[in-house]
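Now for the letters of each chain:
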Amino acid sequence: MPVTFGQPFKTGDWKHKETGLVARDNFNQPVPLQYDDISSHRDGSSRFAVLNAQLSGLQAGERRIINLFTGSASAPPQLLPSNPAWNLSLEAKIYNQQVNVVTFGDRNGHTDGTPFLVGEKIVMTITGPTTESFQQTITSDMAGGGYITLTKIAEAFQQLVNSQSQTYIGEKIGGGYEKLWLKTKNPSQGAFQVSFSYSGQAKITQVNQSNYEAPQTWVIDGQDLLKQQISMANASQSSANRRFHGPVASEFKLAIPFKNVSTGKTHDFLTARLDTRMFEGGQKIRTNVIIENNWTFKANPKNITYEMAFKVNGATVHQQPIFTHYHHARWQKVLWTGVEPKVQLRHNMRYFLDSRAVWNYDLSIRVSEATLAAEATNLARARTQQATLGPMGNAFLEPSFGSTGGRPEIGPLPRWTALYLISQDERARASMMAVADAAAAVPIHFRDENTDSPINTVANPNVSTHFNSNNLPDSTDPTIWGPDTAHQASYVYVPYLLTGDNFYLDEAMFWASWNVFSMPASYREFGKSLINRQQVRGSAWALRSIGEAYRIVPDNHSMKSYFKTVLDNNLAWYKQNYVVNHLGSPMGAIQHEVGQTPPWQNDFVGTVMALLAENNEPNAKDVHDWFSQFNVGRFMNDANGFCAAHAPGYYWKNADAQGNYFTTWSQLYAANYPADVGKACSSLTLADGYPDNAGGYAAYARGMLGAAAGAQATGAVAAYAKWKAMTPLMDAEFAKDPNWAIVPR
């Protein structure tokens, strides 16, 4: 029985350039093993590898341990059949659905337009497959000509259409404010017209964003391309489309555009990527079918509405119902030819964490059965509620990234990922993987047609999608998403570490790349690709994504040098500007604006920098130590006039009215907590930062201090112990929401 998984390694444990890797099971029997896609530590030893193992005689319900050793293995690559019984084809029926965009009012930015008045009646009539009218009377909270009141009118008509119509649907997507998108519920229902009866002076306009056209069929057939790749592999010829070829498994990356069955025309955007992994001489074939709509430089990117049949030897083995595939998004479906192996693989989690691939999560936490059962229930509910979105569903993610407040995905790792690392329960894993797949639907995926890789901002120093400087083809088609960097999670890094699936590797690169070019080119100093000129939290999460991509991209991958350069440039910038030049506060805080710093966002940067320091990334240790003056110090200076009870602050003044930065803890305390100056720290009640909550500022601090201790920051071990003792109610909450449950190593 074949099994594929990812495996991180401690620095120095496996010097793969000097020796191989072999495996034995718990019966001390050799296990055929293959290792590929190695990423190295800075010292040259293996940091991560994708492993394929072949287990013999594994019975249902049996537990088998695979032990790894350094050693030599000499088995030749498997010989593959020249014409495997695969014959996978895809058939997409693509609809060009009519979409009308209605705009209420004529405001100009923040300048109000002609107002709607209280009592005025608006009747909207849609004539098409059915004729339906919807009437709204302007209420006091809708009256006016600004974006707030106009948005309420659009939302009212959306509610009317969606609650009353069997044919039409109204959408308010992506911050459209006073805009309402109208279309038929079923894309095949045809064309329609929209008219209004309104006697007032305010303006109502509409634009036909797209016209209805009869559906067309587009197909791909990958058999000939797979046969070509197999022939090259059997002949030991190199190929850029071959991921690996060894004694246990061979994987080929086949990229094929869809073609119109009537005209033979290649689709401008819709592309299938068939990551085809073959085991046991081709008797078992796993195909990860990835459908992309994400070219970067082609004009007029757009949403595509279709249904798709997956066929093997002409017989449909899976049917994807009709849905709208967002622009700059992708999705996947895994198919097996032959019997699919049903294996649950669990890592040695102590070693996994000790490798420094991730932070040191508290493995002593016991996640309750009720928490895990709720995961399965909640995931099933989300899938049911989002069924019409198809693969573009958001699972547990908040589609509007900029929404205020804490969320379970925001942290060093998302809640579901941390739950899985601690419990290795399949229900937590299902939630984690659902979130990873949902991240692929966010319109941040830009594949360079010239390189077939995500955008390289060193090679393309001027590209940007920032709204002030967007110079790439843009789409006005609506999606449910509003992505940003400041509220971004780590969606796919751990899923790749666990599975070794190329889909998640590409996802990690897409996110890290977008986090750079979503900024104005001048802000990032063009090809230097710096990420510091944004919110403090945004720079933390962007740097995290860059570090993740660098750590997992294989050494022989074309994007490896890019992510190394970007990571090195950013860490060098932080060291030069903070450690050497003492930018901003001499106490080690990062400024939100002149004279103000957010401690909790500093904790985000400190947590990310700690893991980079633990991985011996150049300059990371020096930078982390500099920031730890503030991050650790604010918990350890009771004797110097700053009580730790106030350490998990929101925004603090850290300069006087003349802009002179504070240099002592007593100055900082007096400026922010004047009422408590002179009080004994022991007399203060800890109330700041939600100390009994796993998702508040106090929890952020717990995680940061645990990470800082792992990075050997001065005083961090003592600070963590002190803060843990001051926040005992948090421990029980971490068992339900552990994304900040990081402890000293």
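Heads up: these notes are all about the structure in this document. Every chain is numbered independently, its residues counted from 1 as its sequence is written. Note on the predicted model: pLDDT of at least 70 is required for a residue's local features to be given, and 80 or more for side-chain atom pairs to be given and counted; whole-chain, interface and lining totals, by contrast, use all residues. As a rule here, side-chain values cover all heavy atoms of the structure and leave hydrogens and water aside.

A look at the overall build of the protein
The helix and strand tally for the protein stands at 16 helices and 26 strands. Atoms counted for the radius of gyration: C-alpha only. Globule rule: 2.2 Å times the number of residues to the power 0.38. Relative to the compact-globule value of 27 Å for 745 residues, the protein shows a C-alpha radius of gyration of 28 Å, a close match. Seen through its C-alpha atoms, the protein measures out along the principal axes to roughly 80 × 75 × 50 Å. Counting across all 745 residues of the protein, residues that qualify as buried make up 56%. Should any heavy atoms of two residues lie within 4.5 Å, those residues are considered in contact. Contacts in the protein between residues at least 24 apart in sequence constitute 73% of all its contacts with a sequence separation of at least 6. We get accessible surface area from the Shrake-Rupley algorithm with a probe of 1.4 Å; when it comes to residues, only the shown protein chains can shield them. Of the roughly 29500 Å² of accessible surface on the protein, a fraction of 49% belongs to carbon and sulfur atoms. Treating the 62 positive side-chain charges of the protein as one cloud and the 62 negative ones as another, the clouds have centres 3 Å apart. A run of DSSP states H or I qualifies as a helix once it reaches four residues; a run of E qualifies as a strand once it reaches two. Both are numbered from the N-terminal end. Each residue gets one of three labels from its accessible area relative to the maximum for its type: buried under 20%, exposed over 50%, partly exposed in between, using a 1.4 Å probe on protein chains only. Residues scored as positive are Lys and Arg, those scored as negative are Asp and Glu, and His as well as the terminal groups of each chain are ignored. In plain terms, the charge of a residue is placed at NZ if it is Lys, CZ if Arg, CG if Asp and CD if Glu.

With respect to the sheet that holds strand β5 (residues 46-54)
Two strands in a sheet stick together by hydrogen bonds in their backbones, pointing the same way (parallel) or opposite ways (antiparallel). Taken together, three strands build an open sheet; the order of strands is β1-β5-β4 and the sheet is antiparallel. In this open sheet, the two strands that pair with only one neighbour each are β1 (2-8) and β4 (33-40). For this sheet, the mean angle separating the axes of adjacent strands, direction not counted, is 15°. Two strands are counted as paired when DSSP detects at least two bridges linking them. In this sheet, β5 lies alongside β4 in antiparallel orientation, the contact comprising six bridges. Residue pairing for β5: Y35 is matched across the bridge by L51. To define axes, lines are fitted to C-alpha atoms, for helices over the stretch in contact only, and angles between the resulting N-to-C directions are given on a 0 to 180 degree scale.

Observations concerning the pairing of strand β16 (residues 242-245)
Pairing between β16 and strand β17 (residues 249-260): three bridges, direction antiparallel. Within β17, the position partnered with H245 by the bridge is S250. In sequence, β16 turns back onto β17 through a hairpin of three residues.

Notes on the packing of aromatic side chains
Here a pair means two rings of Phe, Tyr or Trp (six-membered ring of Trp) with centres within 6.5 Å. Their orientation is stacked below 30 degrees between planes, edge-to-face above 60, and tilted elsewhere. One pass over the full model with this rule turns up 46 aromatic pairs. Linked through ring pairs, W541, W600, F604, Y650, Y651, Y690, Y697, Y700 and W740 together constitute an aromatic cluster. Our definition puts a charge over a ring when NZ of Lys or CZ of Arg is within 6 Å of the ring centre and also within 35 degrees of the ring normal. It is R533 that lies over the ring of Y523; its NZ or CZ is 4.0 Å from the centre. A cation over a ring is seen here: K560 above Y550, with NZ or CZ 4.4 Å from the ring centre.

Here's the deal with the environment of Q29
On the secondary structure map, Q29 appears in the loop between β2 (21-25) and β3 (30-31). When the C-alpha positions of Q29 and I66 are compared, they lie 9.7 Å apart, and in sequence the two are 37 residues distant. Not counting the four nearest positions on each side in its chain, Q29 is found in contact with A23 and R24.

Some points on the packing of helix α4 (residues 369-385) against helix α6 (residues 426-439)
Packing of α4 against α6 brings their axes to within 8 Å, and their N-to-C directions diverge by 35°. Between α4 and α6 the crossing geometry is left-handed. Each of E369, L372, A373, E375, A376, L379 and R383 in α4 lies in contact with α6, whose residues at this interface are R427, A428, A430, S431 and A434. Note on residue classes: Ala, Val, Leu, Ile, Met, Phe, Trp, Tyr, Cys and Pro are nonpolar, Asp, Glu, Lys and Arg are charged, and everything else, Gly too, is polar. Each residue belonging to the contact of α4 with α6 can be placed in one class, and the counts come to seven nonpolar, one polar and four charged. Crossing chirality is assigned from the near helix's rotation relative to the far helix, an anticlockwise turn below a right angle marking it left-handed and a clockwise turn marking it right-handed.

A closer look at a nonpolar patch on the surface
A cluster of nonpolar side chains, Y147, I148 and Y177, forms an exposed patch at the surface whose accessible area comes to about 300 Å². With respect to the helices and strands, Y147 occurs in helix α1 (residues 147-164). Distance thresholds for patches are 9 Å for like charges and 5 Å for nonpolar side chains (Val, Leu, Ile, Met, Phe, Trp, Tyr), applied to residues having over 30% relative accessible area and no salt bridge. By convention in these notes, a salt bridge is any Lys or Arg side-chain nitrogen within 4 Å of a carboxyl oxygen on Asp or Glu.

A look at helix α2 (residues 223-234)
Helix length check: α2 (12 residues) gives 16 Å between terminal C-alpha atoms against 16 Å at 1.5 Å per residue, within 8%. All buried positions along α2 are accounted for by Q223, L226, Q229, I230 and A233. Take α2 and look down its axis: the buried residues cluster within an arc of 125°, on one side only. For α2, the elements touching its buried residues are β7 (88-96), β15 (213-221), β16, β17 and β18 (266-279). Two residues or fewer past α2, S236 is found with a positive phi of approximately 60°. Here a helix's expected span is defined as the number of its residues, less one, multiplied by 1.5 Å. Throughout, the arc means the angular range of directions from the helix axis out to the C-beta atoms.

A short note on the state of the cysteines
By definition, disulfides here are pairs of cysteine sulfur atoms that lie within 2.5 Å. In the structure shown here, the tally under the stated rule is one disulfide. A sulfur-sulfur distance of 2.0 Å marks the disulfide that ties C643 to C681. One quick way to see it: the torsion about the S-S bond of C643 and C681 is about -80°, and its sign makes the bridge left-handed. Here the residue C643 occupies a position in the loop between α12 (620-631) and β26 (652-653), and C681 occupies one in the loop between α13 (665-672) and α14 (697-710), the gap between them amounting to 38 residues.

Let's talk about the pattern of salt bridges
Summed over the entire model, instances satisfying the criterion amount to 41 salt bridges. Put simply, K183 and E171 hold a salt bridge, and the shortest N to O gap is 3.3 Å. Of the two residues, K183 is situated in strand β12 (residues 179-184) and E171 in strand β11 (residues 168-171); the sequence distance between them amounts to 12 residues. Taken as a pair, K183 and E171 share a single burial class, namely buried.

Section: the nonpolar core
With 176 residues, the main nonpolar core has L90, F258, L274, I291, Y306 and M609 as its most contacted residues. For this core, the element with the most residues is helix α8 (residues 502-517), which contributes 11 residues. In this structure, L90 is in contact with W218, V219, I220, F258, A272, L274, V289, I291, M308, A309 and F310, ignoring residues within four places of it in sequence. Counting residues in each nonpolar core, the second largest holds 23 residues, with I126, M142, I153 and V161 among its members. Nine residue types can take part in a nonpolar core, namely buried Ala, Val, Leu, Ile, Met, Phe, Trp, Tyr and Cys, and a core is a set of them joined through side-chain atoms within 4.5 Å.

Digging into unusual backbone geometry
At Q424, a position not held by glycine, the phi torsion is positive, near 50°. Here Q424 lies in the loop between α5 (415-423) and α6. The class for Q424 is buried, based on a relative accessible area of 8%. For E525, which is not glycine, the phi dihedral falls at a positive 55°.

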